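# Observations on the model geometry
For reference, the chains in residue letters:
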Amino acid sequence: MQQVLEEDQGFSFSQMDIVTYKMTSVLTLIGGVLNRAVSFVVFCVLDLLDVVLCFVYKVADYCIEAEWKPCYCSSAKEAINGSGNILVSEQGESKIVCLTSSRLQLEDISDTLYSRPSLVTEVSKLTVNELKKLKLDGNNIIQSCDKIKKGTVRSTFSINSTIVGMLQGKMVGQQLHPIPRWSDCDCKFCNSWASSSKDTLFVKAEGPKGKAREDVLFIHGFISSSAFWTETLFPNFSSTAKSTYRLLAVDLLGFGRSPKPTDSLYTLREHVDMIEKSVLEAYKVKSFHIVAHSLGCILALAIAVKHPGSVKSLTLLAPPYYPVPKGEPATQYIMRRVAPRRVWPVMAFCSSIACWYEHVSRTVCLVICKNHRLWEFLTKLITRNRMRTFLIEGFCCHTHNAAWHTLHNIICGAASKLDRYLDVVRDRLKCDVTIFHGKNDEVIPLECSYNIQRKIPRARVKVVENKDHITIVVGRQKAFARELEEIWKRSTKD
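What this report covers is the structure whose coordinates are included nearby. Nothing here was measured: the structure is a model prediction, and the numbers come from that model.

So, how was this worked out
- Residues numbered from 1 in each chain as written.
- Predicted model: local features only at pLDDT ≥ 70, side-chain atom pairs only at ≥ 80, totals over all residues.
- Heavy atoms only, no water.
- Buried < 20%, exposed > 50% of the residue type's maximum accessible area, 1.4 Å probe, protein only.
- Helix = DSSP H or I, 4+ residues; strand = E, 2+ residues; numbered from the N terminus.
- Arc of directions from axis to C-beta.
- Pairing = 2+ DSSP bridges.
- Right-handed = clockwise from strand over helix to strand, strands pointing away.
- Axes fitted to C-alpha atoms, helices over the stretch in contact; angles between N-to-C directions.
- Parallel < 35°, antiparallel > 145°, perpendicular 65-115°, else oblique.
- Left-handed = near helix turned anticlockwise from the far one by under 90°.
- Contact = heavy atoms within 4.5 Å.
- Nonpolar A, V, L, I, M, F, W, Y, C, P; charged D, E, K, R; others polar.
- Core = buried A, V, L, I, M, F, W, Y, C linked by side-chain atoms within 4.5 Å.

## Overview of helix α17 (residues 415–427)
Of all the positions in α17, only Ala415, Lys417, Leu418, Tyr421, Leu422, Val424 and Val425 are classed as buried. All buried residues of α17 fall inside an arc of 160° around its axis, so they share one side.

## A word on the pairing of strand β8 (residues 311–317)
β8 sits mainly inside the fold: six of its seven residues count as buried. Where strand β7 (residues 288–293) and β8 come together, six bridges link them in parallel fashion. Along β8, the bridge assignment pairs His289 with Ser313. Chirality of the crossover, the property in question, places the unit of β7, helix α10 (residues 296–306) and β8 among those that are right-handed. Examined bridge by bridge, β8 and strand β9 (residues 432–438) share five bridges and lie parallel to one another. Within β9, the residue paired with Leu316 across the bridge is Ile435.

## Considerations on the packing of helix α11 (residues 330–338) against helix α16 (residues 400–412)
Two measures define how a pair of helices packs: the angle their axes make with one another and the distance between the axes. In contact at an axis separation of 9 Å, α11 and α16 are set at 115° when each is read in the N-to-C sense. Compared by their axis directions, α11 and α16 come out roughly perpendicular. You can see that α11 and α16 cross each other, and the crossing is right-handed. From α11, Thr331, Ile334, Met335 and Val338 reach across to α16, where they touch His408, Ile411 and Cys412. Here the residues of the contact of α11 with α16 are counted per class, giving five nonpolar, two polar and no charged.

## Overview of the nonpolar core
Soluble globular proteins tend to pack their nonpolar side chains together in the buried interior. Ranked by size, the top nonpolar core spans 72 residues in total, and within it Ile219, Ile275, Leu299, Leu314 and Leu316 carry the most contacts. The leading source of residues in this core is α10, at nine residues. When residues no more than four places from it in sequence are discounted, the contact partners of Ile219 are Trp229, Leu252, Ile275, Ile290, Val291, Ala292, His293, Gly296, Leu299, Ala300 and Ile303. With 25 residues, the next largest nonpolar core counts Tyr245, Leu317, Phe390 and Ile487 among its residues.

Purely geometric stuff here, so don't read any function into it on its own.
Printed below as a string of structure tokens:
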């Protein structure tokens, strides 16, 4: 009798598991449907709001600055040409012709800057495609018209003396450090670079007074600053490490205390060139370790590829690497992965606003970045000065122009280059590659780190339990400082 009862209890327990599983599956399905439905409504409203704000900012810019400011939602050529560059097309990729000093350069830009279809447009796309199938005779004509409307077909300019003259004419009279726009912060901290005669990035350097044996370059992520490293790791390195390594933490172009030029497109080349000029050349760095976080990992890989014999170790934290399926437009695919236009989770909603809506994101910058001193004061007041505000400093001290172009031209625009970078690191670099990723990271999924490991088999991936995109460093800085020292020591022995 007792045996039968135990069997019945076992059967009931199994049934309970099945019921729980089914209930969980049903709730997950309902939650997903609700998320999609609410997201559709919210982002349709944001589509309309962005159009309204476009008009509002054009009027405000004209009234305050006495000049119409171009934007990407009206015309890609107008926005890019307005900054002294010319948009061209080369083998289906978006590029610009720009003039630095007296030299012409061809730079990559991301088509996500100006090709971001609204949600309503995407939903109606299936209906339009069905109608096109019924009109076989006019199919090619319709597709050509669609491409022109979407901006995917662009005329190619021949590079001759006339264009050089145009570019030179646009550059005449430009200030080395243009004044900030009315919607940007004008405080001394954010614009300390404007009073300097050096056209270089802000670099925080710590190390032995004599000649250091090795150098370490720290590159922060998106909407952050060098304080992400200097306020966490730098105080926690051992005395041996401080006497051995020269620690160099840089504020990227457009962020923190570095220059924030209003006419820059913040391309991959601009970011890398400024790091080379401000750190590698200025500090006479010959060989070095790299530690990079999030977006900074892309710049770290680009620098490593340019200096394959100089990099001694490569440490990447939450690298944003998404392999692009064959046949998919790389930039558009990455934009949809990074910014899926969903209201949940919260980080997906925030990244979607930053990536899809030029004028809504400018409004966010106007409220947060221009008034960062107020937010810092309120934070200290509410927490009774118990909370250190270096994260707020990094989050707020940038311009919309810098954040908007960096997000699109680095995260999305570098998508087609990352495979080649990783191949070079695997085949040509012999340095140690270590990847850290927080298991609870909602900004960059854990799969991104494993994707890199598949490309570089020798790379070591360390998953940090109960840590996210920020707390992978903040809150465990002592442990991470020891881990970095071990990596550098091991790389030196190798």
